[in-house]
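As a plain string of letters, each chain reads:
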There are 2 protein chains.
Amino acid sequence: MSSGEEILKTGSIRHKRVHHSLLRERSQADFDPYELKLFIFDSEDMLKAKESADKAIEIHDVFRTPSEWHSWDREEKVRDAMRKIYHFHKKQKDIGFQGLTYKRMMVACEESMGQVPVDLHYYMFVTCIKYLASDEQKALWLSDAKKLKMHGCYAQTEMGHGSNIAGLETTATFDRSTDEFVIHTPSLSAYKFWPGELGKFATHAIVFAKLIIDGTDHGVQSFLVEIRDKRNHCLLPGVIAGDIGPKYGFNMKDNGYMALNHVRIPRTQMLSRYSEVSEEGVFTKKGNLKILYTAMQTIRILIVRMAFKNLSKGLTIAIRYGIVRTQFKDKAGSDEERAIIDYQTHQFKLIPILSQCYAFLFVYQKVSKDFSDLKKRIKAGDLTGINDLHTISSGMKAFYTWMTLEGLETCRQSCGGAGYSMFSGLPGLVQDYAAQVTYEGDNTVMAQQGARFLVKSLGKMMKGETLTGWVSYLNKVYEVTEYKCKAEKPEDFDSLETLEEMLVVKTCFMVGDTCMKMMQGDEPMQTKWNEMYQQELVEMSKAHTMLVTFQIFRDGIKSSWLQESTKKHLCNLCKVFAAHQIYLDSAPLFECGYFSGGHQKMLLEYMKMQFKLIRPVMLPLIESFGHNDNILNSCIGNSYGDILENQLESAVNSDLNRKDMFPDFEKYMKPFYNAKI
Amino acid sequence: MSSGEEILKTGSIRHKRVHHSLLRERSQADFDPYELKLFIFDSEDMLKAKESADKAIEIHDVFRTPSEWHSWDREEKVRDAMRKIYHFHKKQKDIGFQGLTYKRMMVACEESMGQVPVDLHYYMFVTCIKYLASDEQKALWLSDAKKLKMHGCYAQTEMGHGSNIAGLETTATFDRSTDEFVIHTPSLSAYKFWPGELGKFATHAIVFAKLIIDGTDHGVQSFLVEIRDKRNHCLLPGVIAGDIGPKYGFNMKDNGYMALNHVRIPRTQMLSRYSEVSEEGVFTKKGNLKILYTAMQTIRILIVRMAFKNLSKGLTIAIRYGIVRTQFKDKAGSDEERAIIDYQTHQFKLIPILSQCYAFLFVYQKVSKDFSDLKKRIKAGDLTGINDLHTISSGMKAFYTWMTLEGLETCRQSCGGAGYSMFSGLPGLVQDYAAQVTYEGDNTVMAQQGARFLVKSLGKMMKGETLTGWVSYLNKVYEVTEYKCKAEKPEDFDSLETLEEMLVVKTCFMVGDTCMKMMQGDEPMQTKWNEMYQQELVEMSKAHTMLVTFQIFRDGIKSSWLQESTKKHLCNLCKVFAAHQIYLDSAPLFECGYFSGGHQKMLLEYMKMQFKLIRPVMLPLIESFGHNDNILNSCIGNSYGDILENQLESAVNSDLNRKDMFPDFEKYMKPFYNAKI
């Protein structure tokens, strides 16, 4: 039924025809997208690993996620994940992954397969052994863990306690007579609940439990517990475990529950890099617990990575769709319908998110490098900078995950009706990503942790200390809040210095003001932290995180090896990042007198100017993230700009169309139609 | 494994034991929750219908939605919906619905069963016949439609056109020789896509198509087309149709696609209340098209209803959970862990949403009544007020749905890990509700429609006309932006007049300023509307909608029959509604000089004061919405405060635990464990 004209206009995966709008927009890139892509992947090596993964999916059907996936039940989804990881390992030689570290292999996995049934094993269980186990324990366990000869999970969270780890109720009681610990779940609220891969797969668990020796509670320690018999995968005696049921997203993951009924393990299975219990039952701490934070950092840095990875997927779909999809003939002097991305509000939705995506990328590169350097220093016994990284990463965890989830939902909504179909790929991104605002630390708790460091720093500053690192701007906290914004027209905001000044003044005002409030009054600190000023503490933590993010973004662009033609666009995004953060909440700048009447309007006009510069290059900018069509799996966001054919084809082939009518239709609905009810 | 203490503490559905915290909070209600419930349901009659529905679910298993529902595939979900509607009709006599209008029956359905396979038939198809069909056509079709002897759908949206109805491509070409219309889908983009109940159920469709007579396009009209053979439910010749596949939510609904290949219908099947085609092929318009808007209003008013219905469900779960769930022993002078609802940020999340929920309720009651009065006036030939209702409902559609979706997601996130499980009921609320920001009019388009009326009104005002109705505040637009806020301390905000003044000044500034901009420059109006000022037009539309919402809320409380003890709390919520809207975006008030330094901080302190007053009654306030446990279907938000037992039980009984291990586990994962890969 297609008209001749239509054949020329639409994108088509089947006919390998790219929509003319996408062709046009790619051709107008005035920078080198490949250079940017290389920068994003950080090295030729990593880019090659990714390209191998892409090729693997093209060649090997087994890695492709068919559109039916959305209709599968959980069992089928898990089966698909298992099948992929199996074939991935088998085909390593063909694909060219051989010789890659398991980290790079996991990256390639992530690129090619989405969720696999072993990522928590590697990211949590193996990491734990690396950081919490003693050298002797590592010699026994690490190699097997890396080779997946044991499949482990990280069993910390309980039904009653998530954020408050000190409140965990599972007990590990020392039995001197047998040189064992007895691990036990004393109550309903002590059931382990949520650990991924616990539900069906894991043969082992690192169980976090209260160490009890002769009635004394020594606090939470970690213990390796075997939970399933490797021969038949049955639960071992005393172990109750299973899957927790269907979730909002992540339904290919078997998050589990577990109760242990007086399960005995050798004393030597308490992970003992930083603490140990002797044969006599003497508990000692050793080493520097702060080093333990490095394990946590791995995860936090991963979270920053997952932020830009996911956001860039959502944006790739939304930007492509926005360019191809038209609605309303309301462009003056044109008989064509307008591309939805050419509506101002559409740009207002997507361009700030694009700026955040790149901001997170630059932050990821910076903190990865800092963390790498930190690990080297720690090995040499030097702990400088350990606090800085920890506290900035708390705020990043909280705010980046919130912003990314909001951004993904905005991408989904920006695609109208199509964004409601699972085949668009967008709901899945939202559903799966949503877990991140909850796990690895409740966001509000994380935000407050960030605030704690700020309050402490300001206290030190007021006692005469000069602050360094990310909080050094607070040295002038009371001075800057006397500044006045000199902008007289929108163009005056077009300066990284001015934009930084706005963020600094805003943050200083919020931090200074909140700390002042905290120092007054006799109420206990706990009351001030949780009941009186918690809201402003969280808000100031955000302001600080956004300032640091901007600074890292700006510095990262400047010091990068990219050409000026590329840097120019990233710089525009960096400016939008700052301007948008202020525009969203400029009240503090008015409150302290920095902004006066007219400045918010100027800022809005400035952003519109920036959008005009960024709009022509939105497509090549987002496509530099290189998300393969098979990964995006989107009937509206594929690289061909096919937004009709593939969508209809997916619909026609979908599950409910395989039968004529629903089972029991005759029984339940026909009586209505035949007026028998 | 439960300790004695625990038995006393936890809520338990199984043991019919209510958590002590919920008991305590219910007992501290200093108003009559039943009175409020009666007010919410608007009449004894409606409350009785709902209570019958609740009782029906208790007694008849068939109406209960089991927790397994979340693991069912779409086919099973649809079957469940059919089964329920069938039994509902069969049991009408038992339950006591007999004699209710079908509208009340649908309300009871909604209460008892959630989504059913006939709601679009009633709300869209039957409504269309009522409003668009001529008297003769109604005599032929309406009775059968109401009795479900034909199952209809509303086939308007196409793959290429959703918002832009004028761009629909399906054609209806008049064939004089046979006195028929030939309905045809000329291209891929013309496929009908999304209509609910089209995919599998509908025997008929009201198809919106371009009327072509002798080559002249007369614009979009509506046509009744039979699409399935009632005898065997097969698609009739020339009809291609099916389900569009899995969606973010609403997966018990068969949204469909359809193409018509030269399908012929009698000329008399063009719905002809407002336009008709004679035997000779002469097209005439008749009656007043504005009356047509009344059909649209029915849906818009329903949307306001669904906003508070859904938001109150999410809040019921989140508030109950927040009261029962504890985390961290950080309350000064207490050894107990703190209920999460006693964290300031938690109240900051939930109380504004509670205020919005009640605001939407009051607006619903007002616009329902206005609409009722309007319908009576229209019958008498008087069209006064038709514009007012239409334009205010555009903004309500846009902003209430956005706010409700955000609110539901906030409720979900506020429940931490538990909010990620489908068993909490929260993800389902988000997923299903999310359709509302997209269907029945794209939100940005709706928001702009609201703005159009404001711009037009201001134009009239500046030509000397005195404005009436919802925009009458604009009569003083330039005067009020000279006002200064007189508040000197937080308590000064505790006044409905002051809060209204803030909203009026904010809106006047935004409307006045944007209209000024629109009047300058030579660019075409289309360019100004869509490319230059679209962002501020949408923002001013929001400000206006929030002002009107506040006014209706305030007036509604005042004129209600509720006792002072109840009104007092609703009034506090009304104040929070206004204060929060300003707090979220007070920049306009600073820009025009109404606010000066310190006012934003005072507003924050004022909200904290209000939260202290509202916190003790949050539970009875939300429980007055009366959501039955079987409807909420939440393992954490049930009326017993059971947040552990039921959650674990649902987990243990969930789908993946019915088998020992995943199919193909031996094939794909064992090789790893046995180091064979």
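Residues numbered from 1 in each chain as written. Chains lettered and ligands numbered in written order. Predicted model: local features only at pLDDT ≥ 70, side-chain atom pairs only at ≥ 80, totals over all residues. Heavy atoms only, no water.

Identification of chain A as Acyl-coenzyme A oxidase from Euplotes crassus is taken from an unreviewed UniProt entry. In its Subcellular location (unreviewed entry) section, the UniProt record describing chain A reads: "Peroxisome". What the UniProt record of chain A gives under Cofactor (unreviewed entry) is the line "FAD". (UniProt positions renumbered as here; feature names shortened; annotations may be inferred.)

Undergrad: Just to check I follow, could you spell out the sheet that holds strand 8 (residues 256–260) of chain A for this structure?
TA: Adjacent strands of a sheet form backbone hydrogen bonds with each other and so pair up, either parallel or antiparallel. All names here are of chain A. Taken in spatial order, the three strands make up an open sheet running 4-8-7, and their pairing is antiparallel. Of all strands in the sheet, those bounded by a partner on one side alone are strand 4 (192–193) and strand 7 (239–243). Relative to strand 8, strand 7 runs antiparallel, the two being bridged by five bridges. Bridged to Val239 within strand 8 is Leu260. (Pairing = 2+ DSSP bridges. Helix = DSSP H or I, 4+ residues; strand = E, 2+ residues; numbered from the N terminus.)

Undergrad: I keep staring at the interface of chain B and chain A and nothing clicks. Help me out?
TA: For interface size, the figure often reported is the accessible area lost on association. At the interface, 150 residues of chain B touch 150 residues of chain A. Applying the counting rule to chain B against chain A returns twelve salt bridges. We note a salt bridge from Glu605(A) to Lys517(B), for which the minimum N-O separation is 3.6 Å. Taken together, the connections running from chain B to chain A amount to 73 residue pairs in polar contact (both at pLDDT 80 or more). It is helix 5 (residues 74–90) of chain B that contributes the most residues to the side of chain B that touches chain A, eleven residues altogether. Taken together, the residues of the side of chain B that touches chain A sort by class into 64 nonpolar, 46 polar and 40 charged. (Contact = heavy atoms within 4.5 Å. Salt bridge = Lys/Arg side-chain N within 4 Å of Asp/Glu carboxyl O. Polar contact = N/O pair within 3.5 Å; in protein donor to acceptor, adjacent residues only side chain to side chain. Nonpolar A, V, L, I, M, F, W, Y, C, P; charged D, E, K, R; others polar.)

Undergrad: Please explain the packing of aromatic side chains as it appears in this structure.
TA: Note on aromatic pairs: each is described by the distance of the centres and the angle between the planes. Counted under the stated rule, the structure contains 45 aromatic pairs over all chains. Geometrically, the ring pair formed by Tyr420(A) and Tyr248(B) is edge-to-face, given 5.9 Å between the ring centres and 70° between the ring planes. Placement of the pair is Tyr420(A) in the loop between helix 12 (386–414) and helix 13 (426–433) and Tyr248(B) in the loop between strand 7 (239–243) and strand 8 (256–260), with the two residues belonging to separate chains. Tyr248(B) matches Tyr420(A) in its accessibility class, with the two residues each being buried. (Phe/Tyr/Trp six-rings, centres within 6.5 Å; stacked < 30°, edge-to-face > 60°. Buried < 20%, exposed > 50% of the residue type's maximum accessible area, 1.4 Å probe, protein only.)

Undergrad: Looking at this structure, I do not really get helix 5 (residues 74–90) of chain A. What am I missing?
TA: Working note: α-helix, 3.6 residues per turn, so residues spaced by three or four point in the same direction. Residue and element names in this part refer to chain A. A rise of 1.5 Å per residue sets the reference length of helix 5, with its 17 residues, at 24 Å; its end C-alpha atoms lie 24 Å apart and thus fit the reference within 8%. Along helix 5, 13 of the 17 residues are buried, which leaves the element largely enclosed by surrounding structure. The N-cap residue of helix 5 is Asp73: its side-chain oxygen and the backbone nitrogen of Glu75 are 3.2 Å apart. (Expected span 1.5 Å × (residues − 1).)

Undergrad: Would you mind showing me how to read the nonpolar core here?
TA: Burial of nonpolar side chains together is a common tendency in soluble globular proteins. Ranked by size, the top nonpolar core spans 310 residues in total, and within it Tyr358(A) and Tyr358(B) carry the most contacts. Excluding its chain neighbours within four sequence positions, the residues that come into contact with Tyr358(B) are Leu36(B), Ile40(B), Phe553(B), Leu570(B), Leu573(B), Leu621(B), Ser624(B) and Phe625(B). (Core = buried A, V, L, I, M, F, W, Y, C linked by side-chain atoms within 4.5 Å.)

Undergrad: How should the packing of helix 16 (residues 496–519) of chain B against helix 19 (residues 564–584) of chain B be read in this particular structure?
TA: Each pair of packed helices gets described by two things: the angle between the helix axes and the distance between those axes. Residues and elements named next belong to chain B. It is the contact of helix 16 with helix 19, at a shortest axis distance of 10 Å, that shows an interaxial angle of 30°. Here helix 16 lies roughly parallel to helix 19, going by the angle between them. Every pair of crossing elements has a handedness; the one defined by helix 16 and helix 19 is left-handed. Contacts between helix 16 and helix 19 involve Leu496, Leu499, Met502, Leu503 and Lys506 on the former and, on the latter, Cys571, Cys574, Lys575, Ala578, Ala579, Gln581 and Ile582. (Axes fitted to C-alpha atoms, helices over the stretch in contact; angles between N-to-C directions. Parallel < 35°, antiparallel > 145°, perpendicular 65-115°, else oblique. Left-handed = near helix turned anticlockwise from the far one by under 90°.)

Undergrad: What is the right way to look at the pattern of salt bridges in this model?
TA: Oppositely charged side chains are able to pair whenever their charged atoms sit close together. The final tally for this structure, using the stated rule, is 80 salt bridges over all chains. Across the pair Lys568(A) and Asp30(A) runs a salt bridge whose closest N-O atoms are separated by 3.2 Å. Residue Lys568(A) is located in helix 19 (residues 564–584), and its partner Asp30(A) is located in the loop between helix 2 (20–27) and helix 3 (33–41); the two are separated by 538 residues in the primary sequence. For Asp179(B), the salt bridge is made with Arg267(B), and the minimal N-O distance between the two is 2.5 Å. Linking Asp179(B) in the loop between strand 2 (171–175) and strand 3 (180–184) with Arg267(B) in the loop between strand 9 (263–266) and strand 10 (275–277), this pair joins segments that are 88 residues apart in sequence.

Undergrad: What is the right way to look at the relation of the copies chain B and chain A in this model?
TA: For the pair chain B and chain A, the relating rotation is 180°, the translation along its axis is 0.0 Å, and the fit reaches an RMSD of 0.0 Å. In symmetry terms, the pair is related by a two-fold rotation axis. Every residue of chain B has its C-alpha some distance from the rotation axis, and the shortest such distance is that of Ala587(B), at 2.8 Å. Taken as a fraction of all interface residues of chain B, those also at the interface in chain A reach 100%, which identifies the copy contact as same-surface. (Least-squares fit on C-alpha atoms with pLDDT ≥ 70 in both.)

Undergrad: Explanation requested: the UniProt feature "binding site: FAD" (unreviewed entry) in chain A in the structure shown.
TA: All names here are of chain A. Per the UniProt record, the feature "binding site: FAD" (unreviewed entry) sits at Thr157 and Gly196. Across 40 residues, the annotated set stays spatially compact, with a maximum C-alpha separation of 10.6 Å. Topologically, Thr157 is positioned in the loop between strand 1 (152–155) and strand 2 (171–175). Those residues in contact with Thr157 that lie beyond four places of it in its chain are Gly162, Tyr191, Lys192, Phe193 and Pro195. With respect to the helices and strands, Gly196 occurs in the loop between strand 4 and strand 5 (204–213). Ignoring any residue separated from it by four or fewer positions in sequence, one finds Gly196 in contact with Leu120, Cys153, Lys253, Asp254 and Asn255.

Undergrad: Looking at this structure, I do not really get the pairing of strand 9 of chain B. What am I missing?
TA: Remember that side chains alternate between the two faces of the sheet whenever the strand is regular. All names here are of chain B. Across the two faces of strand 9 the burial differs, with Val263 and Ile265 buried and Arg264 and Pro266 not buried at all. Sheet topology note: the strand 3/strand 9 ladder contains four bridges and is antiparallel. From the neighbouring strand, Phe181 faces strand 9, where its bridge partner is Ile265.

Undergrad: Is there a simple way to think about a nonpolar patch on the surface in this case?
TA: A surface patch of nonpolar side chains, amounting to about 360 Å² of accessible area, comprises Met462(A), Tyr478(A), Met516(A) and Met519(A). Here Met519(A) shows up in helix 16 (residues 496–519). (Patch = residues over 30% accessible without salt bridge, like charges linked within 9 Å, V, L, I, M, F, W, Y side chains within 5 Å. Areas by Shrake-Rupley, 256 points an atom, 1.4 Å probe, with all protein chains shown as cover.)

Undergrad: Before we go on, may I ask you to explain the UniProt feature "active site" (unreviewed entry) in chain A in this structure?
TA: Residues and elements named next belong to chain A. Within this numbering scheme, the UniProt entry marks Glu440 as carrying the feature "active site" (unreviewed entry). Following the sequence through the fold, Glu440 ends up in the loop between helix 13 and helix 14 (443–462). Overall, the relative accessible area of 30% leaves Glu440 in the partly exposed class.

Undergrad: Help me understand the side chain of Arg554(A), please; the structure alone is not making it clear to me.
TA: Residue and element names in this part refer to chain A. Assignment of secondary structure puts Arg554 in helix 18 (residues 534–559). Classification of Arg554 by relative accessible area gives buried; the value is 19%. Within the local environment of Arg554, its side chain forms a polar contact with the side chain of Glu500, the two groups lying 2.8 Å apart. With residues up to four places along the chain from it excluded, the contact list for Arg554 reads Leu496, Glu500 and Cys574.

Undergrad: Where do I start with the environment of Leu656(A) in this structure?
TA: As for its placement among the helices and strands, Leu656(A) is situated in the loop between helix 24 (645–652) and helix 25 (665–668). Since its relative accessible area comes to 3%, Leu656(A) is described here as buried. Separated by 585 residues in sequence, Leu656(A) and Ser71(A) have C-alpha atoms that sit 9.2 Å apart. Leaving out residues up to four positions away in the same chain, Leu656(A) has contacts with Phe662(A), Arg74(B), Glu75(B), Lys200(B) and Asp243(B).

Undergrad: Sorry if this is basic, but what is going on with the environment of Gln551(B) here?
TA: Checked against the element boundaries, Gln551(B) lands in helix 18 (residues 534–559). Look at Gln551(B) and you get buried, because its relative accessible area is 10%.

Undergrad: Please clarify how the side chain of Arg325(A) should be interpreted in this entry.
TA: For Arg325(A), the position within the fold is in the loop between helix 10 (289–324) and helix 11 (344–379). Lacking a salt bridge, the buried Arg325(A) has Glu337(A) as its closest oppositely charged neighbour, with an N-O distance of 7.8 Å. Within polar-contact distance, the side chain of Arg325(A) engages the backbone oxygen of Met159(B) at 2.5 Å. Polar side-chain contacts of Arg325(A) include one of 3.5 Å to the backbone oxygen of Gly160(B). Not counting residues up to four positions away in its chain, the partners in contact with Arg325(A) are Arg338(A), Ala339(A), Ile340(A), Ile643(A), Met159(B), Gly160(B), His161(B) and Gly162(B). (Lys, Arg positive; Asp, Glu negative; His and termini not counted.)

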